[in-house]
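Structure at a glance
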Amino acid sequence: MAPNIQKAVQQQQPEAQAKKSVKVMLDTVLDGEGYRKRFNELLGDRTAQFLASLMNMINDNESLREAFEQSPMSVVKSALQAASYDLPIDPTLGYAYIVPFNNKVKGKTPDGKDVEYYKKQAQFIIGYKGMIQLCLRTGAYQSIPEAVDVREGS
C-alpha cells in the first residue's frame, strides 16, 4: 500500500512544480514590466484577488498555460484589458474570457531566413454578461430586456 501512496505523491509533484513556475513567471512579468503597478491603479484592493484568479485560470487550462509559456505578455495584456473594464475573468461567471488562439507569426531563423510558424497567444473576449454590465454602467439604460434567439427562418 505504501508504494501506491508514494507513486501518487510523485505524480502530483510535477503539477505542483508547474504551478510554481507559472507563479514565478507571472510575478517576473508583472514586476519586470511594471504591470503590477498598473493593476494596482485599476483595481486597488482587489488586485491580489484578480491576479490569483488569473493564476488559477492559467493553471487550470492547459491551452492557456501553453499560451502563457509561449507568449506571456498576451495573457497579461488580456487580463489588463479585463481589469480596465472592471470585469471578472473567471470563465464560469461569463463576463470576460481570456481565450488562447494559434496565431501564425513571422520570424527569422538563426541563418536569417524568413519563416512562418504558429504560436499560442491569448486574446481578451468580452462575454454577453460583460456587455450588459458595461451598458448598464453608462446610465443610458435602466434595464436590458431578456435576449431572444435569432435564427434563420423564424
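Look up a bit, the structure's there.
Residues numbered from 1 in each chain as written. Predicted model: local features only at pLDDT ≥ 70, side-chain atom pairs only at ≥ 80, totals over all residues. Heavy atoms only, no water.

Digging into the overall build of the chain
Heads up, the rule is: Helix and strand assignments come from DSSP, with helices taken as H or I runs of at least 4 residues and strands as E runs of at least 2, each series counted from the N terminus. Only protein chains enter the area calculation, which uses a 1.4 Å probe; residues under 20% of their type maximum are buried, those over 50% are exposed, and those in between are partly exposed. Only heavy atoms matter for contacts: two residues are in contact if any of them lie within 4.5 Å across the pair. For accessible areas, the Shrake-Rupley method is used with a probe of radius 1.4 Å. Any residue's cover is judged against the shown protein chains and nothing else.
When you go through the chain residue by residue, the secondary structure sums to six helices and two strands. Along the chain, helices (α) and strands (β) appear in the sequence α-α-α-α-α-β-β-α when read from the amino end. Here the chain holds 154 residues, and 27% of them are scored as buried. Residue pairs at least 24 apart in sequence account for 58% of intrachain contacts in the chain once pairs closer than 6 positions are excluded. For the chain, the computed accessible surface area is about 10,800 Å², with 52% contributed by carbon and sulfur atoms.

Re the layout of surface pockets
Spelled out, the test is: A 1.4 Å probe that fits into a set of points on a 1 Å grid over the protein atoms alone but cannot get out defines a cavity; an open set with protein on both sides within 12 Å along at least five of seven lines defines a pocket, and lining residues are those with an atom within 4 Å of a point. Grid points are joined across faces, edges and corners, and a volume is the space filled by probe spheres set on the points. All residues other than Ala, Val, Leu, Ile, Met, Phe, Trp, Tyr, Cys, Pro, Asp, Glu, Lys and Arg, Gly among them, are scored as polar; the first ten of these are nonpolar and the last four charged.
Taken as a whole, the largest pocket holds about 190 Å³ of empty space. What lines the largest pocket is simply Leu43, Arg46, Gln49, Phe50, Ser53, Asp86, Leu87, Pro88, Ile89 and Asp90. Take the lining of the largest pocket: its biggest share by element is three residues, from helix H3 (residues 47–60). When its residues are assigned to classes, the lining of the largest pocket shows five nonpolar, two polar and three charged.

Structural notes on a nonpolar patch on the surface
Where we set the bar: The patch calculation keeps residues exceeding 30% relative accessible area without a salt bridge and links them within 9 Å when they carry like charges or within 5 Å when they are nonpolar (Val, Leu, Ile, Met, Phe, Trp, Tyr). Put simply, a salt bridge is a Lys or Arg side-chain nitrogen that is within 4 Å of an Asp or Glu carboxyl oxygen.
A contiguous nonpolar patch, built from Leu136, Tyr141 and Ile144 and spanning about 250 Å² of accessible area, is present on the exposed surface. Structurally, the position occupied by Ile144 is in the segment after helix H6 (128–138).

Looking at the pairing of strand E1 (residues 96–108)
Rules: At least two DSSP bridges between two strands are required for those strands to pair.
Taken together, the 13 bridges between E1 and strand E2 (residues 114–126) define a ladder with antiparallel strand orientation. By the bridge assignment, Pro100 is partnered in E2 with Ala122. Hairpin remark: E1 followed by E2, antiparallel, with five residues in the connecting loop; positive phi at Gly112, about 95°.

Focus on the packing of H3 against helix H5 (residues 72–84)
Our working rule: All axes are obtained by fitting lines to C-alpha atoms, using only the stretch in contact for helices, and the reported angles, taken between N-to-C directions, cover 0 to 180 degrees. Relative orientations are named as follows: roughly parallel for angles under 35 degrees, roughly antiparallel for angles over 145 degrees, roughly perpendicular for angles from 65 to 115 degrees, and oblique for any other angle. Each helix crossing is assigned a hand: it is left-handed if the near helix lies turned anticlockwise from the far helix by less than a right angle, otherwise right-handed if that turn is clockwise.
Where H3 meets H5, the axes come as close as 12 Å, and the angle between the chain directions of the two elements is 135°. When the axis of H3 is compared with that of H5, the two are oblique. In the packing of H3 onto H5, the handedness of the crossing is right-handed. Judged by residue contacts, Phe50, Leu54 and Ile58 of H3 engage Val75, Ala79, Ala82 and Ala83 from H5. Considered class by class, the residues forming the contact of H3 with H5 number seven nonpolar, no polar and no charged.

With respect to the nonpolar core
Spelled out, the test is: Here, the term nonpolar core denotes a set of buried Ala, Val, Leu, Ile, Met, Phe, Trp, Tyr and Cys residues that are joined through side-chain atoms within 4.5 Å.
Judged by nonpolar contacts, the single largest core of 28 residues is most densely connected at Phe39, Phe50, Leu54, Val75 and Ile98. Among the elements of the structure, helix H1 (2–32), helix H2 (35–43), H3, helix H4 (62–70), H5, E1 and E2 are those that each provide at least two residues to this core.

Side note on the environment of Ser84
Worth spelling out the cut-off: As used in this structure description, the phrase polar contact means that two N or O atoms lie within 3.5 Å; if the pair is within protein, one of them must be able to donate a hydrogen and the other to accept it, and residues adjacent in sequence are counted only when both atoms belong to side chains.
Among the structural elements, Ser84 can be located in helix H5. For Ser84 and Glu41, which are 43 residues apart along the polypeptide, the C-alpha to C-alpha distance reads 9.6 Å. Of note is the side chain of Ser84, whose polar atom sits 2.6 Å from the backbone oxygen of Gln81.

Focus: the side chain of Arg65
With respect to the helices and strands, the residue Arg65 is situated in helix H4. Among all residues touching Arg65, those that are not within four sequence positions of it are Val22, Ile58 and Asn59.

Remarks on H3
Rules: How far a helix is expected to stretch is found by multiplying one less than its residue total by 1.5 Å.
For H3, built from 14 residues, the straight-helix expectation of 20 Å at 1.5 Å per residue is met to within 8% by its first-to-last C-alpha distance of 20 Å. Thr47, Phe50, Leu51, Leu54, Met55, Met57, Ile58 and Asn59 are the residues of H3 that are buried.

Let's talk about the pattern of salt bridges
In the structure shown here, the tally under the stated rule is nine salt bridges. A salt bridge links Asp27 to Lys23; its shortest N-O distance comes to 3.0 Å. In this pair, Asp27 and Lys23 both sit in helix H1, four residues apart, roughly one turn of the helix. What makes Lys23 partly exposed here is its relative accessible area of 40%. The salt bridge involving Glu66 is made with Lys120; its shortest N-O contact spans 3.9 Å. Of this pair, Glu66 sits in helix H4 while Lys120 sits in strand E2, placing them 54 residues apart in sequence. Taking the relative accessible area as the measure of exposure, Lys120 reaches 15% and is therefore buried. Through salt bridges that share partners, Lys23, Asp27, Asp31 and Arg36 make up one connected network.

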